[in-house]
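Single-letter residue listing:
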Amino acid sequence: MILTPEGLEALRSQLIVSCQAYPGEPMRDPRTTAQVAASAVIGGAAAIRVQGLADIQFTRAAVEVPVIGLWKDGHDGVFITPTLRHALAVANAGAHVVAIDGTRRPRPDGLSFAETVAGIHAESHALVMADCGSFDDALAAVDAGADLVGTTLSGYTGERHKTDGPDLELLEQIAAGGLGKPLIAEGRIHTPAQARQALDAGAFAVVVGTAITHPASITGWFKGAMHA
Ligand SMILES: CC(=O)N[C@H](C=O)[C@@H](O)[C@H](O)[C@H](O)COP(=O)(O)O
């Protein structure tokens, strides 16, 4: 299945679940990721977001819904699918959508964001999601050819305050900007009510990760509340 820009319409107002375990964690195993992803689909996830080439391959085999893939390399600066090489590997692993750093920061391979998007479009059938940290990022990313924009990096790049929940103000700003590409709310959406608020703020679809798929964090939230 090739996902076209028109095909994205199936994701309107839908929930996308991000299934990620971090280096050294017990659940960091592509089989586990794929099982968690398949469970999320049973619950109603319309698409899945996964990190790492093996996780993308295993998840593609386990679910019928679109897979948004990324490759995190490092943990600061430009680390979400930082180069064209990473992006093409993600596409070749089977991702329908390649999520890449969508900020205006210099990229490690020296390519511009626009050159990176053009390279992905030329060499694969994948669509490109720009993981943005601000309104200016989103504007530039759409100008440069991104197929979707996400608020993934809001609060992580220094341009926006790290809100406790989703950055609803940024969602509203981007939605009001009428950029003409699907706007994906992502980052710190921890409750069903916040997912609803993100849609009301103008998001086309909503990505939830930690609150659905990261038991260590969720356990910590409960424990913290009990001992506050
Ligand atoms: C900033 C960064 O590295 N974000 C990552 C991007 O893929 C993931 O670690 C997040 O879990 C994902 O964005 C979903 O967000 P949340 O887990 O808050 O629902």
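Residues numbered from 1 in each chain as written. Predicted model: local features only at pLDDT ≥ 70, side-chain atom pairs only at ≥ 80, totals over all residues. Heavy atoms only, no water.

Quick notes on the pairing of strand β8 (residues 205-208)
Of the two faces of β8, both are covered, the one formed by Ala205 and Val207 as well as the one formed by Val206 and Val208. With three bridges connecting them, strand β1 (residues 15-19) and β8 associate as parallel partners. Looking across to β8, one finds that Val17 is bridged to Val208. One ladder, built from three bridges, connects strand β7 (residues 183-186) with β8; its direction is parallel. If you follow Ala185 over to β8, its bridge partner there is Val206. In this view, the connection linking β7 to its parallel neighbour β8 by way of helix α7 (residues 192-200) has right-handed handedness. (Buried < 20%, exposed > 50% of the residue type's maximum accessible area, 1.4 Å probe, protein only. Helix = DSSP H or I, 4+ residues; strand = E, 2+ residues; numbered from the N terminus. Pairing = 2+ DSSP bridges. Right-handed = clockwise from strand over helix to strand, strands pointing away.)

Some thoughts on empty space enclosed by the protein
Counting across every chain of the model gives one cavity of 30 Å³ or more. In this structure, the largest cavity spans a volume of roughly 50 Å³. Lining the largest cavity are Cys19, Gln20, Ala21, Met27, Thr32, Thr33, Val36 and Thr213. For the lining of the largest cavity, the element with the most residues is helix α1 (residues 30-43), which contributes three residues. (1 Å grid on protein atoms, 1.4 Å probe; cavity = no way out; pocket = protein on both sides within 12 Å on 5 of 7 lines; lining within 4 Å. Points joined across faces, edges and corners; volume = space filled by probe spheres on them.)

Some words on the pattern of salt bridges
Charged atoms that come close allow side chains of opposite charge to pair. Considering all chains together, one arrives at 10 salt bridges under this definition. Notably, a salt bridge pairs Asp167 with Arg160, separated by 2.8 Å at the nearest N-O pair. Residue Arg160 is classed as buried on the basis of its relative accessible area, which comes to 18%. Of the charged contacts in the structure, one is a salt bridge between Glu169 and Arg160, with a shortest N-O distance of 2.8 Å. (Salt bridge = Lys/Arg side-chain N within 4 Å of Asp/Glu carboxyl O.)

A closer look at the site of the ligand
Near the ligand lie 15 residues; those nearest to it are Tyr22, Arg49, Glu186, Arg188 and Thr210. One nitrogen or oxygen atom from the side chain of Lys72 is found 2.9 Å from an oxygen atom belonging to the ligand. Within the backbone of Arg188, an N or O atom sits 2.7 Å from an oxygen atom of the ligand. Relative to its free-state accessible area of 450 Å², the ligand is covered by the protein chains to the extent of 90%. Of the residues assigned to the shell around the ligand, the class counts are six nonpolar, five polar and four charged. (Near = heavy atom within 4 Å. Polar contact = N/O pair within 3.5 Å; in protein donor to acceptor, adjacent residues only side chain to side chain. Areas by Shrake-Rupley, 256 points an atom, 1.4 Å probe, with all protein chains shown as cover. Nonpolar A, V, L, I, M, F, W, Y, C, P; charged D, E, K, R; others polar.)

So, the pairing of strand β5 (residues 127-131)
The buried count for β5 comes to five of five residues, which makes it a mostly enclosed element. Note: strand β4 (residues 97-101) against β5, five bridges, orientation parallel. Note that in β5 the partner of Ile100 across the bridge is Ala130. Considered for its hand, the β-α-β crossover made up of β4, helix α4 (residues 113-123) and β5 is right-handed. Pairing of β5 with strand β6 (residues 148-150) involves three bridges; the strand directions are parallel. In the strand pairing of β6, Ala130 is matched with Val149.

Some words on the sheet that holds β1
Around the barrel, which closes on itself, the eight strands sit in the order β1-β2-β3-β4-β5-β6-β7-β8 with parallel pairing between neighbours. Ignoring which end each strand starts from, the neighbouring axes of this sheet average 25° apart. The strands touched by helix α3 (residues 84-92) within the sheet are β3 (67-70) and β4, with β4 carrying the most contacts at an inclination of about 160°. In the packing of α4 onto the sheet, the strands contacted are β4 and β5, and the crossing angle to β4 comes to about 165°. (Axes fitted to C-alpha atoms, helices over the stretch in contact; angles between N-to-C directions. Contact = heavy atoms within 4.5 Å.)

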